[in-house]
Amino acid sequence: MSAPIRILLADDHALVRHGVRLILDGEPDLTVVAEASDGAEALEQARQHHPDLAILDIAMPRLTGLQATRELVKQQPGLRVLILTMYDNEQFFFEGLRAGANGYVLKSVADRDLVEACRAAMRDEPFLYPGAVTALIRNYLDRVRNGEPVPERAITGREEEILKLVAEGHSSKEIAELLFISIKTVERHRSNLLQKLGLRDRLDLTRYAIRAGLIEP
């Protein structure tokens, strides 16, 4: 009998982690080896435990699940990633796929879908909930009809990191320390964000971050 799939579970709500862990640990071929309460901690736990699969919530402090996914697949190319979210949202779904996730599971049906999603990810098969499949087909047909590619992200990964931290209320000095860059670089990115997104101030940036799912309202 092969060794169970080793899983890293990241969600900023302890009750959600507990519930999901009960589902996963109830299966003989799945075992949770590490938990994290935000995206940055997920990166640390992945480095420490080298899991086979990471299950990440989207809206987490410090780094979102999407940001963490991009870093994880870069740092550990063999790692599979599933996005577990309450958001039935096409934008997040496409962002997840673009970030390198193997599947997208809704929390509302996790008890039904998550175990199969884990096994599919380890077989290198994408796992998509029914609404996501519809969105994927519709998006493809629209692109063919209009001769357009899937739109690129409006902002860079670094700008997204800074946007999230600004919206969480961190000062330029704190952001510079967290990201190991200069205050001047933080200010430049912040200025670029305002210009790119057509926004005026920190309040506008915070509203945008909430709409983009980078922070919870």
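Residues numbered from 1 in each chain as written. Predicted model: local features only at pLDDT ≥ 70, side-chain atom pairs only at ≥ 80, totals over all residues. Heavy atoms only, no water.

- For the protein, an unreviewed UniProt entry supplies the name DNA-binding response regulator and the organism Micromonospora inaquosa.

**Let's talk about the overall build of the protein**
Then, in step 1: Helix and strand counts for the protein come out as ten helices and six strands.
Then, in step 2: Among the 217 residues that make up the protein, the fraction classed as buried is 47%.
Then, in step 3: Taking the contacts inside the protein whose residues are at least 6 apart along the sequence as the reference set, 64% of them involve residues at least 24 apart.
Then, in step 4: Of the roughly 10900 Å² that the protein leaves accessible, carbon and sulfur atoms contribute 54%. (Helix = DSSP H or I, 4+ residues; strand = E, 2+ residues; numbered from the N terminus. Buried < 20%, exposed > 50% of the residue type's maximum accessible area, 1.4 Å probe, protein only. Contact = heavy atoms within 4.5 Å. Areas by Shrake-Rupley, 256 points an atom, 1.4 Å probe, with all protein chains shown as cover.)

**Notes on the pattern of salt bridges**
Note that side chains of opposite charge can pair when their charged atoms are close.
Then, in step 1: Scanning the entire structure with this criterion turns up 17 salt bridges.
Then, in step 2: We note a salt bridge from arginine 21 to glutamate 35, for which the minimum N-O separation is 2.7 Å. In this pair, arginine 21 sits in helix H1 (residues 14-25) while glutamate 35 sits in strand S2 (residues 30-36), placing the two residues 14 residues apart along the sequence.
Then, in step 3: Aspartate 124 serves as the salt-bridge partner of arginine 80, at 3.0 Å between the closest nitrogen and oxygen. With arginine 80 in strand S4 (residues 80-85) and aspartate 124 in the loop between helix H5 (110-122) and strand S6 (127-128), the pair connects residues that are 44 residues apart, well separated along the chain.
Then, in step 4: Each of Arg17, Arg21, Asp25 and Glu35 takes part in salt bridges that share partners, so that together they form one network. (Salt bridge = Lys/Arg side-chain N within 4 Å of Asp/Glu carboxyl O.)

**Some thoughts on the nonpolar core**
Then, in step 1: If you look at the biggest cluster of nonpolar residues, it comprises 26 residues, and the most contacted ones within it are Ala54, Leu56, Leu72 and Tyr104.
Then, in step 2: When residues of this core are traced back to their parent elements, those giving at least two are strand S1 (5-10), S2, helix H2 (39-49), strand S3 (53-56), helix H3 (65-75), S4, helix H4 (90-99) and strand S5 (103-106).
Then, in step 3: Of the residues forming this core, the biggest block, four residues, is contributed by H2.
Then, in step 4: In this structure leucine 72 touches Ala42, Leu43, Ala46, Ala54, Leu56 and Leu79, once residues within four positions along its chain are discounted. (Core = buried A, V, L, I, M, F, W, Y, C linked by side-chain atoms within 4.5 Å.)

**Some words on the pairing of S5**
Then, in step 1: Burial along S5 is two-sided: the residues Gly103 and Val105 and Tyr104 and Leu106 are all buried.
Then, in step 2: Pairing geometry for S4 and S5, over four bridges, is parallel. When the bridges of S5 are listed, isoleucine 83 appears paired with tyrosine 104.
Then, in step 3: Strand direction decides the pairing type here: S5 and S6, joined by two bridges, are parallel. The residue of S6 that forms the bridge with tyrosine 104 is leucine 128.
Then, in step 4: Read from S5 through H5 to S6, the crossover connection turns out left-handed. (Pairing = 2+ DSSP bridges. Right-handed = clockwise from strand over helix to strand, strands pointing away.)

**Notes on the sheet that holds S5**
Then, in step 1: Taken together, the six strands give an open sheet; going across it, the order is S2-S1-S3-S4-S5-S6, and neighbouring strands pair in parallel fashion. The sheet terminates laterally at S2 and S6, the two strands that pair on one side only.
Then, in step 2: With respect to the sheet, H2 is in contact with S1, S2 and S3, its orientation differing from that of S2 by roughly 130 degrees. (Axes fitted to C-alpha atoms, helices over the stretch in contact; angles between N-to-C directions.)

**Digging into the environment of asparagine 102**
Then, in step 1: Tracing the chain through its elements places asparagine 102 in the loop between H4 and S5.
Then, in step 2: Judged by relative accessible area, which is 14%, asparagine 102 ranks as buried.
Then, in step 3: Placed 21 residues apart in sequence, asparagine 102 and valine 81 show a C-alpha to C-alpha distance of 5.5 Å.
Then, in step 4: Beyond its immediate stretch of four places on either side in the chain, asparagine 102 contacts Arg80, Val81, Leu82, Ala121, Asp124, Glu125, Pro126 and Phe127.

**A short note on the environment of valine 105**
Then, in step 1: Mapped onto the elements of the fold, valine 105 is located in strand S5.
Then, in step 2: Residues valine 105 and leucine 56, spaced 49 residues apart in sequence, show a C-alpha to C-alpha distance of 10.0 Å.
Then, in step 3: Ignoring sequence-local partners within four residues, the contact set of valine 105 consists of Ile83, Leu84, Thr85, Ala110, Asp113, Leu114, Ala117 and Phe127.

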